[in-house]
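Inside the fold
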Amino acid sequence: MSYAEHFISYRRDVSEKARQYASGLMQAGSRKNIYAISEVVPDTDERNLQQFITHSKWSTREVLDHVARDADELIGDPRDAALIMDESGFAKQGKKSVGTSRQYLGRLGKVDNGQVAVFGVLAKGRFATAIDTRLYLPKEWTDDPRRCHKAGIPESEQVFKTKNQLALEIVEQARHNGVRFGWVGADAGYGSSPDFLFALEEAGHTFLADVPKSFVVAELDPQPTIPVPSGKGPKARRSITAKKTLSVEELVESCSVKDWRVCEVRDTTRGSLKLRVLRKSVEVWDKQSKRARRYELLVTENMDGEDRKYSLTNEKPSTSTQRLCWMQRQRYWVERCFEDGKGQCGMADYQVRLWNAWHHHMALVMMAMLFMLSEKLRMKDQCPLLSCADIEKLLAVFLPRRDASPEQVYSHMQRRHEMRRRAIESHAKRHAKRRSKVT
């Protein structure tokens, strides 16, 4: 089945608009919003593209599932591929864009107004591409049905879900699509709670997830028990333990220098990547279950003692430390994947407000990212250093482009100036409103 068929199964054929939008994402310059696309792609205009991305009825889910299956054909592997959970934030002004609120945006490294989405990235070695996403809706949104309705959020999605729950949905969808991966990876934001790790294990998945330095473990089985009341008071419902627990940071600090070893992880452009590594078997308990679970704790840092990472895995204890280090450091390629998605495929350049439009945009971005990956794989022997930036420059030459007359260039410039003027006026009004509230 071709991707075009996803766009012609409804009342009208929008496959040509989909092609135009996707091609624009890969050649419209440094900022690939709808207006920039309409400036370079022939036979397009801003209004038609906005209509397509916002109101056309094609299924985001069908396109993302197709992307996932195609990505599996390219880099899926039941041993050496990973499905890595990560999130990305998108700064936005105002309150009307779906899911927008003041929240931590990793891209900016601070709390700001914007949207946050959870992504699933399939990675194998240095090749990685996003295959699924879920937009995070803060409680201030899910507790306000009227606001959700205005943003076009389906009733079935107007339920608060944590980012961990969204990540688990992505993992389950990947398995439903037959995507092959050896383990699930995640950063410390997802590994902060034992619940996420336990859920992955109970679903039959191997995981290697970063955890924060405050994550609590025990060296010995904590042997949780429910205390027996001494009098006629209510029965205790929570288990307790008399065994000593401590944070992973405290555990590491209690280890001697002899417990560390040097591990060679992979070759890089700057030579071999070597890490200092500490590995221990630990017990993890969620303070509710009747038993703790035994996992491997992996701690790595650069040779100068910087960039320390704590990870837990349910891999077999017989798995070599060198392989666990390699698995842990696969997340580096996910960051590169997001850089390419935002820099060369317009992931963060959208100008939409509604639920349907946001998901349509992300589905087309992932189609573009998959194309970039397929080209890098196809040319890996002839042109091993081929990058997404290289492909974008080539596409700008070979794809059809609009030949703009001087009048059109001037018209586009006037349009940009008008948009900038409106943004300045809007910002001034918001600033004046805040000042009036203070006074």
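The coordinates are above.
Below or above, wherever it landed, is the structure these notes cover. Predicted, not measured: the structure shown is a model, and the values here were computed from it.

Considerations on the overall build of the protein chain
When helices and strands are counted, the protein chain shows 14 helices and 12 strands. Here the protein chain holds 439 residues, and the buried ones make up 49% of them. Partitioning the intrachain contacts of the protein chain with sequence separation of at least 6 by distance along the chain shows that 66% fall at a separation of at least 24. Of the accessible surface of the protein chain, which amounts to about 23,100 Å², a share of 50% is contributed by carbon and sulfur atoms.

Some remarks on the state of the cysteines
The final tally for this structure, using the stated rule, is 0 disulfides. In this model Cys263 remains outside any disulfide bridge; the closest cysteine sulfur is found in Cys325, 4.0 Å from its own. No disulfide involves Cys388; its sulfur sits 6.0 Å from the nearest other cysteine sulfur, which is in Cys345.

With respect to the packing of helix H4 (residues 60–75) against helix H12 (residues 355–378)
It is the contact of H4 with H12, at a shortest axis distance of 9 Å, that shows an interaxial angle of 15°. Relative to H12, H4 is oriented roughly parallel. Handedness of the crossing formed by H4 with H12: left-handed. On H12, the residues that touch Thr60, Val63, Leu64, Val67, Asp70, Ala71, Leu74 and Ile75 of H4 are His359, His360, Ala363, Met366, Met367, Leu370, Leu373, Ser374 and Leu377. Along the lines of polarity and charge, the residues of the contact of H4 with H12 split into 12 nonpolar, 4 polar and 1 charged.

Re the nonpolar core
Core analysis: the biggest nonpolar cluster contains 120 residues, and Tyr21, Phe90, Leu312, Trp358 and Leu364 have the highest contact counts within it. The dominant element in this core, judged by the number of residues it contributes, is H12, at 15 residues.

Analysis parameters
- Residues numbered from 1 in each chain as written.
- Predicted model: local features only at pLDDT ≥ 70, side-chain atom pairs only at ≥ 80, totals over all residues.
- Heavy atoms only, no water.
- Helix = DSSP H or I, 4+ residues; strand = E, 2+ residues; numbered from the N terminus.
- Buried < 20%, exposed > 50% of the residue type's maximum accessible area, 1.4 Å probe, protein only.
- Contact = heavy atoms within 4.5 Å.
- Areas by Shrake-Rupley, 256 points an atom, 1.4 Å probe, with all protein chains shown as cover.
- Disulfide = S-S within 2.5 Å.
- Axes fitted to C-alpha atoms, helices over the stretch in contact; angles between N-to-C directions.
- Parallel < 35°, antiparallel > 145°, perpendicular 65-115°, else oblique.
- Left-handed = near helix turned anticlockwise from the far one by under 90°.
- Nonpolar A, V, L, I, M, F, W, Y, C, P; charged D, E, K, R; others polar.
- Core = buried A, V, L, I, M, F, W, Y, C linked by side-chain atoms within 4.5 Å.

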